[in-house]
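# Reading the structure
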Amino acid sequence: PNATRYEAENATISQGVVESNHAGYSGTGFVNYDNLVGSSVEFTVTAAAAGTATLAFRFANGTTANRPMDIAVNGAVVAANKAFNGTGAWTTWQTTTVSAQLAAGTNTVRATATTANGGPNLDHLEVTA
Ligand code: GCU
């Protein structure tokens, strides 16, 4: 199945900034979450049909501390405190996945930091239906 990519820098950002100072990102940059609880990135995702999808988040975390985030689809948390562990460097990008049900048509996928460290640096979301 084909994956559709949604760049974080094009998403709706609450308490974060678009940056491009750490190489290896796709598109034109990534989102640097503010270091606080509740900073978030919300993607608008389109699904051709209702069903299970794989949500793949590409991120970097140059610290050694996990930066967990709640993953919500259409306002409901589907993965609480999903781990975004250290990747070794801010230029080392990794992908972690969540399985979720999408509705036909437009959906929201939001990733919200749950600790005072904020989220990792978020590059993009890929959705595979
Ligand atoms: C550094 C790094 C940022 C990162 C930040 C953080 O400042 O350059 O890209 O977002 O640490 O700890 O969140």
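Let us look at the structure shown here. (Residues numbered from 1 in each chain as written. Predicted model: local features only at pLDDT ≥ 70, side-chain atom pairs only at ≥ 80, totals over all residues. Heavy atoms only, no water.)

## Quick look at the packing of aromatic side chains
The following threshold applies: Only centres within 6.5 Å qualify two rings of Phe, Tyr or Trp (six-membered ring in Trp) as a pair; their planes then separate them into stacked at under 30 degrees, edge-to-face at over 60, and tilted for everything else. In DSSP terms, a helix is any run of H or I states spanning at least four residues, a strand is any run of E spanning at least two, and both are numbered starting from the N terminus. Working definition: with a 1.4 Å probe on protein chains only, accessible area under 20% of the residue-type maximum means buried, over 50% means exposed, and in between means partly exposed.
According to the stated counting rule, one finds 4 aromatic pairs in the structure shown. Here the aromatic rings of Phe30 and Trp93 are separated by 5.4 Å at their centres, their planes lie at 55 degrees, and the arrangement is tilted. Remark: Trp93 occurs in the loop between β8 (76-82) and β9 (94-102) and Phe30 occurs in strand β4 (residues 30-33); sequence separation between them is 63 residues. Classification of Phe30 by relative accessible area gives buried; the value is 0%. Pairing Phe57 with Phe84 gives two aromatic rings, centres 6.1 Å apart and planes at 80 degrees, and the pair type is edge-to-face. Highlighted residues: Phe57 in strand β6 (residues 51-60) and Phe84 in the loop between β8 and β9, separated in sequence by 27 residues. For the pair Phe57 and Phe84, a shared accessibility class is recorded, and that class is buried. Grouping aromatic residues by their ring pairs yields a cluster made of Tyr25, Phe30 and Trp93.

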